[in-house]
Amino acid sequence: MDNPNQKRRQELEKYFDVQGPFAFLRLAQMKRAWRQGNRRQLTWWENTYIPTLISGIWLTSKHFFRNLGFHILHLVGLCKDVRAAVTYQYPEQKRPLGLRLRTRHRLTKREDDSPRCVACMMCETVCPARCIEITAAEHPDPNIEKYPAEFILDLGKCVYCGFCVEVCPEDAIRMDTGILNTSEYSRESMIYNKKRLMEE
Ligand code: SF4
Ligand code: SF4
């Protein structure tokens, strides 16, 4: 009868070509798979999960008491240069956002407070979630061809990909409000109209 190790090796060789260029990489892959497939059996003691449980409690407690100690020292003005747990007391304390983070949309305005949007429909066309719906209308100013009579954005469908911002030729839509908590009690409330998008 075949040695089980040999059988396993033959089986792995089906998936990892040990010939040809970069064979050494394939061999390394094969060895890794081989090791993973040959992990030793857990002992009776390890199977009770008690050692793992103790090690987990030890690790959590170590961090807890370290952080607690440093926070107490910070309160009395000591060890200020040693950082304790990085915990933000949300919602009172907000975490600083990255400059490139995409947050809730807004429509930018001209000097006369009208929307910069020229209803070119680029954002509506590119939106992969199909959550933008624009109703275009003729602008009274002959220099501006169109404007959005209504601009609907359904945040409940939006995937925050930022394509609408990227594609806009007028810098009329941005995702820089810093607003992340857009949760609502109904789907209808997630639908933003032009007025709401121009508020922030
Ligand atoms: S961020 Fe993406 S999914 Fe959301 S409105 Fe813009 S294009 Fe559509
Ligand atoms: S791409 Fe910009 S200008 Fe064109 S419809 Fe969208 S927001 Fe308006």
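Definitions and cut-offs
Residues numbered from 1 in each chain as written. Chains lettered and ligands numbered in written order. Predicted model: local features only at pLDDT ≥ 70, side-chain atom pairs only at ≥ 80, totals over all residues. Near = placed C-beta within 6 Å. Nonpolar A, V, L, I, M, F, W, Y, C, P; charged D, E, K, R; others polar. Pairing = 2+ DSSP bridges. Helix = DSSP H or I, 4+ residues; strand = E, 2+ residues; numbered from the N terminus. Core = buried A, V, L, I, M, F, W, Y, C linked by C-beta atoms within 7 Å. Buried ≥ 20, exposed ≤ 12 C-beta atoms within 10 Å, placed from the backbone. Contact = placed C-beta atoms within 7 Å. Expected span 1.5 Å × (residues − 1).

**As for the site of ligand 2**
Inspection of the region around ligand 2 gives 13 residues, with Cys117, Cys120, Met122, Cys123 and Cys168 positioned closest. Along the lines of polarity and charge, the residues of the shell around ligand 2 split into 12 nonpolar, no polar and 1 charged.

**Overview of the pairing of strand β3 (residues 146-154)**
Strand direction decides the pairing type here: strand β2 (residues 132-138) and β3, joined by 7 bridges, are antiparallel. Counted as the bridge partner of Ile134 is Phe151 from β3.

**Structural notes on the nonpolar core**
Ranked by internal contacts, the top residues of the largest apolar core, which has 17 residues, are Leu107, Cys117, Cys123, Ile132, Phe151 and Leu153. Secondary-structure elements contributing two or more residues to this core are α5 (122-126), β2 and β3. Counting residues per element, this core draws most heavily on β3, which supplies 3 residues. Here Ile132 is in contact with Cys123, Glu124, Cys127, Leu153 and Cys164, once residues within four sequence places are set aside.

**Description of the site of ligand 1**
Neighbouring ligand 1 are 14 residues; Cys127, Cys158, Cys161, Phe163 and Cys164 lie closest to it. Class assignment of the residues belonging to the shell around ligand 1 gives a composition of 13 nonpolar, 1 polar and no charged.

**Looking at the sheet that holds β2**
Spatially, the 3 strands line up as an open sheet ordered β2-β3-β5, and their pairing is antiparallel. Each having just a single partner strand, β2 and β5 (191-192) make up the two edges of the open sheet. The pairing of β3 with β5 spans 2 bridges and is classified as antiparallel. Bridge pairing in β5 links Asp154 to Ile191.

**Considerations on the environment of Leu75**
As for its position among the elements, Leu75 is in helix α4 (residues 50-75). For Leu75, a count of 8 C-beta atoms within 10 Å puts it in the exposed group. As a C-alpha pair, Leu75 and Trp45 span 30 residues in sequence and 44 Å in three-dimensional space.

**What to know about α4**
Every α-helix carries 3.6 residues per turn, so stepping three or four residues along brings you back to the same face. Here α4 contains 26 residues, and its C-alpha end-to-end distance of 37 Å stays within 8% of the 38 Å for a straight helix at 1.5 Å per residue. Where burial is concerned, little of α4 is hidden: 0 out of the 26 residues are buried. Two residues or fewer past α4, Gly77 is found with a positive phi of approximately 85°.

Any functional reading would require information beyond the geometric quantities listed.
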